[in-house]
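# Working through the structure, step by step
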Amino acid sequence: MYAGEAHSLEVEEILYEGKSDYQEVLVFQSSSYGKVLVLDGIVQLTEKDECAYQEMIAHLPLCSIPSPKAVLVVGGGDGGVLREISRHTSVETIDICEIDKMVIDVSATYLHSMHNSRYRLIMTSLIQTAVEFLQRTPAGKYDAIIVDSSDPVGPALELVEKPFFETIARALRPGGVLCNMAESMWLHTHLIEDMISICRETFKGSVHYAWASVPTYPSGVIGFVLCSTEGPGVDFLNPVNPIEEVDGAGNHKRELRFYNSEMHRAAFALPNFLKREVSLL
Ligand code: AAT
């Protein structure tokens with residue numbers, strides 16, 4: 001994908017190969033990263049390192065506001081983000097807006113990640129896109145919106161454009177939060193700059209960039225843009241809603257593998273080159 005570099009994973013066995021209306025879907029057993037989900041030739045998750053991406057994209061926003069109740073996920077058909085949101089006992093409703101049913105079905109069969117999640121599924125399509133769904137959503141409905149989408153080529157292209165961010169800001173309550181997958185600081189500084197600049201215009205609360213290490217994503221890191229709407233202030237850098245490891249009945253939940261409050265704070269530390277190149281940071 002990127003001139004002059006490549007990343008390889010050894011394939012032990014192909015478990016599923018198909019073509020949906022939107023993309024090519026592949027699941028294989030790798031020799032070192034467990035099962036791998038690939039869409040249009042791009043790795044979306046591996047069993048070994050999915051925790052870093054899914055835990056951070058869910059808990060960075062949800063641990064930054066007190067008692068989140070209504071959450072929307074755009075993309076995320078593999079179910080990992082749903083699993084993470086479900087850990088928050090305050091959450092009452094999770095809606096998910098995914099374009100491709102094949103991703104949901106294949107993940108449920110081969111990755112078992114949909115287990116223990118409670119959610120309402122809204123299928124988007126090129127006829128009813130995420131933008132159209134959000135336009136019909138009552139203003140102020142959600143406490144948090146998580147955009148767990150693929151790279152902005154093919155079906156996910158509309159998810160980096162201004163109208164999408166405007167409909168998100170409208171669907172969030174005052175002081176509500178957005179966490180949006182925002183690519184690699186090594187490979188996509190211009191895209192990050194564009195996203196931050198659109199978000200600065202659209203979200204009147206705060207706008208921040210955070211990142212985490214994910215070895216199987218291009219260049220080994222992935223970033224997130226975090227925004228809040230005008231209203232009760234949100235201090236993303238100091239989480240107010242730490243996620244408990246023990247539920248109300250005193251039982252230990254399945255442990256978080258990556259996220260904790262220290263990782264949360266550290267995720268907002270940015271290297272100098274990024275601050276310089278993305279002048280808005
Ligand atoms: N949680 C795994 C990581 C992902 S999954 C991206 C999901 O977004 C896929 O299920 C895909 O079908 C869905 N998607 C793509 N476009 C749209 C759209 N327009 N509306 C709704 N869902 C969509 C992301 C990995 C990031 C990889 C970084 N290189």
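Note: the structure precedes this text.
Residues numbered from 1 in each chain as written. Predicted model: local features only at pLDDT ≥ 70, side-chain atom pairs only at ≥ 80, totals over all residues. Heavy atoms only, no water.

## Looking at the site of the ligand
As a reminder, the rule being used: Residue proximity to a molecule or strand is established when one non-hydrogen atom of the residue lies within 4 Å of it. N or O atoms within 3.5 Å of each other form a polar contact, as long as, within protein, one can give a hydrogen and the other can take it, and as long as residues adjacent in sequence are counted only when both atoms are side-chain atoms. The protein chains shown are the only cover counted for residues, whose accessible areas, like all others here, come from Shrake-Rupley with a 1.4 Å probe. Helix and strand definitions follow DSSP, with helices as H or I runs of at least four residues and strands as E runs of at least two, each counted in order from the N terminus. When residue character is reported, Ala, Val, Leu, Ile, Met, Phe, Trp, Tyr, Cys and Pro are called nonpolar, Asp, Glu, Lys and Arg charged, and the others, Gly included, polar.
Among the 27 residues in the neighbourhood of the ligand, the closest are listed as Gln23, Asp78, Glu98, Asp148 and Pro155. Within the contact set of the ligand, a nitrogen atom lies 2.9 Å away from a side-chain nitrogen or oxygen of aspartate 151. Here the ligand loses 99% of its free accessible area of 670 Å² to cover by the protein chains. Elements that contribute at least two residues to the shell around the ligand include exactly α1 (50-62) and β6 (93-98). Looking at the shell around the ligand residue by residue, the classes come out as 11 nonpolar, 9 polar and 7 charged.

## Observations concerning the pattern of salt bridges
Just so we agree on the cut-off: Throughout this description, the term salt bridge denotes a Lys or Arg side-chain nitrogen within 4 Å of a carboxyl oxygen of Asp or Glu.
Within the structure shown, the criterion is met by 9 salt bridges. Its salt-bridge partner being aspartate 95, residue lysine 141 comes within 3.7 Å of it at the nearest N-O pair. Of this pair, lysine 141 sits in the loop between α4 (130-136) and β8 (142-148) while aspartate 95 sits in strand β6, and the two are 46 residues apart along the sequence. The closest approach of N and O atoms between arginine 173 and aspartate 143, which form a salt bridge, is 2.6 Å. Of this pair, arginine 173 sits in strand β9 (residues 172-181) while aspartate 143 sits in strand β8; the two residues are 30 residues apart in sequence, bridging distant segments of the chain.

## Looking at the side chain of aspartate 143
What counts here: Burial classification: accessible surface area is computed with a 1.4 Å probe over protein chains only, and a residue below 20% of its type maximum counts as buried, one above 50% as exposed, and the rest as partly exposed. Whether two residues are in contact is decided by their heavy atoms: any pair within 4.5 Å suffices.
A relative accessible area of 12% places aspartate 143 in the buried class. Within the structure, the side chain of aspartate 143 is placed 2.7 Å from the backbone nitrogen of alanine 70, a separation counted as a polar contact. Residues contacting aspartate 143, with those up to four places away along its chain left out, are Ile65, Pro68, Lys69, Ala70, Leu172, Arg173, Gly176 and Val177.

## Examining the sheet that holds strand β4 (residues 42-46)
Spelled out, the test is: Strands qualify as paired when DSSP identifies two bridges or more between them. Note on geometry: axes are lines fitted to C-alpha atoms, helical ones only across the stretch in contact, with angles between N-to-C directions running from 0 to 180 degrees.
Overall, antiparallel pairing links the 4 strands, which are arranged β1-β2-β3-β4 in an open sheet. Sheet topology places β1 (11-19) and β4 at the edges, where each strand pairs with a single neighbour. Within this sheet the neighbouring strands show an average axis-to-axis angle of 20°, counted without direction. Most of the contacts of helix α3 (residues 101-110) go to β1, to which it runs at about 150°, and overall it touches β1, β2 (24-30) and β3 (35-39).

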